[in-house]
Amino acid sequence: MLYSHDHQRSISTAVQPELFHNALMASRYALPSKPALSSARSARQPESEDAFSEIRLNGAPRQCLQWLAPVLRDLSQADAPGWLTLLDPPETVSHQWLRNAGLNPERILIVRCKPGMDSLDLCCELLSLGCSHTVVSWLTTDGHNGRASRLLRAAAGKGHCQSLNVCLDSCMAA
């Protein structure tokens, strides 16, 4: 994406408006209209470093979703071909929640893994297909340069789309 930040830095040390500004600015990329999609995709090959971003949130589950809603809203309204795909979001994220948060559910695809499925493999497959402009996942990764991050970055580059992973560090326990 358009920014990078220290993933070791805790969200509590950053100012909340700064985090939202960075996340919103990172999601503002324009793709050409659908007729020129095939040539535009080859011209708009994101560098592998730019194809993957991660957001870490701390707090109560409801608060974490409130922080995330503006980012998802901006992505759902992006003038980009393809879906905004949400892979295994928290159970409270439904089409009703999307509408209540001001998101456009007609541009959003919610995908939930079945028991026994590997979420990382499914996420990589969704990214590689290139049917989404952004795939938002809720995966446990091993750092920005770890194996999972490298796989997501490569798959996003192959599908000419963006990967955004959301880490809810202490949200599930709160």
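Up top is the structure these notes are about.
Residues numbered from 1 in each chain as written. Predicted model: local features only at pLDDT ≥ 70, side-chain atom pairs only at ≥ 80, totals over all residues. Heavy atoms only, no water.

So, the overall build of the protein
Put simply, the rule reads: Comment: elements are numbered from the N terminus, with helices defined as DSSP H or I runs of at least four residues and strands as E runs of at least two. Accessible area is worked out with a 1.4 Å probe on protein chains only. A residue is then buried under 20% of its type maximum, exposed over 50%, and partly exposed in between. Residue-level accessible areas treat just the shown protein chains as cover; the underlying method is Shrake-Rupley with a 1.4 Å probe.
Looking only at helices and strands, the protein has six helices and five strands in total. Helices and strands in the protein line up, N terminus first, as α-α-β-α-β-α-β-α-β-α-β. Sorting the 174 residues of the protein into buried and exposed places 49% on the buried side. When the accessible surface of the protein is summed, it comes to about 9,000 Å², and 54% of that surface belongs to carbon and sulfur atoms.

So, helix 6 (residues 147-159)
Counted only if it meets this: A helix's residues, less one, multiplied by 1.5 Å, set its expected span.
Relative to the 18 Å expected for 13 residues at 1.5 Å per residue, helix 6 spans 18 Å between its end C-alpha atoms, a close match to the ideal helical length. Listing the buried residues of helix 6 in full gives Ala148, Ser149, Leu152, Arg153, Ala155, Ala156, Gly157 and Gly159. Downstream of helix 6 by one or two residues, His160 has phi in the positive range, about 55 degrees.

Focus: unusual backbone geometry
A positive phi angle, close to 50 degrees, is found at Asp88, a residue other than glycine. With respect to the helices and strands, Asp88 occurs in the loop between strand 2 (83-87) and helix 4 (95-100). A positive phi is found at His160, a non-glycine position, where the angle reads about 55 degrees. Tracing the sequence through the fold places His160 in the loop between helix 6 and strand 5 (162-168). With a relative accessible area of 18%, His160 lands in the buried category.

All we've got here are geometric facts, nothing functional implied.
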